[in-house]
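The lines below spell out each chain.
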Amino acid sequence: MHIFQMYRALDADWPEPLPRHLDGPDTLVLAFGPRALLDAPAALHDLARAFPHSVLMGCSTAGEITAAQVGVNGLSVVVARFDRTPLRA
């Protein structure tokens, strides 16, 4: 399994390029963020463009947690590519 985690503040750009090389039918992309993302969905559109063949899922939160920080009003993203686990949406 390959894991990638990133946090993006809603008023900023991605801190590093999205790992497009992980895209595929065995990749799960989880995005956690505030409801405000519905009013400014640019970050979600970026994920959909970067991972067109992956399974994308998300959830609204009151705070976002990554390994490096706890934030509010941002997007916490985990990308997991599985070696031997088929995914279905």
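Residues numbered from 1 in each chain as written. Predicted model: local features only at pLDDT ≥ 70, side-chain atom pairs only at ≥ 80, totals over all residues. Heavy atoms only, no water.

By secondary structure assignment, the location of Ser-54 is in the loop between helix 1 (42-50) and strand 3 (55-60). Ser-54 sits in the buried class, given a relative accessible area of 11%. Within polar-contact distance, the side chain of Ser-54 engages the backbone nitrogen of Gly-24 at 3.3 Å. Once residues lying within four places of it in the same chain are set aside, the contact partners of Ser-54 are Leu-22, Asp-23, Gly-24, Thr-27 and Val-29. (Helix = DSSP H or I, 4+ residues; strand = E, 2+ residues; numbered from the N terminus. Buried < 20%, exposed > 50% of the residue type's maximum accessible area, 1.4 Å probe, protein only. Polar contact = N/O pair within 3.5 Å; in protein donor to acceptor, adjacent residues only side chain to side chain. Contact = heavy atoms within 4.5 Å.)

The next subject is the sheet that holds strand 2 (residues 27-33). An order of 1-6-2-3 is seen for the four strands of this open sheet, with the pairing classed as mixed. Because the sheet does not close on itself, it has two edges, and the strands there are strand 1 (2-9) and strand 3. Geometrically, the sheet is characterised by an average inter-axis angle of 15 degrees between neighbouring strands, direction not taken into account. Here six bridges tie strand 2 to strand 3, and the two strands are oriented parallel to one another. From the neighbouring strand, Val-29 faces strand 3, where its bridge partner is Leu-56. (Pairing = 2+ DSSP bridges. Axes fitted to C-alpha atoms, helices over the stretch in contact; angles between N-to-C directions.)

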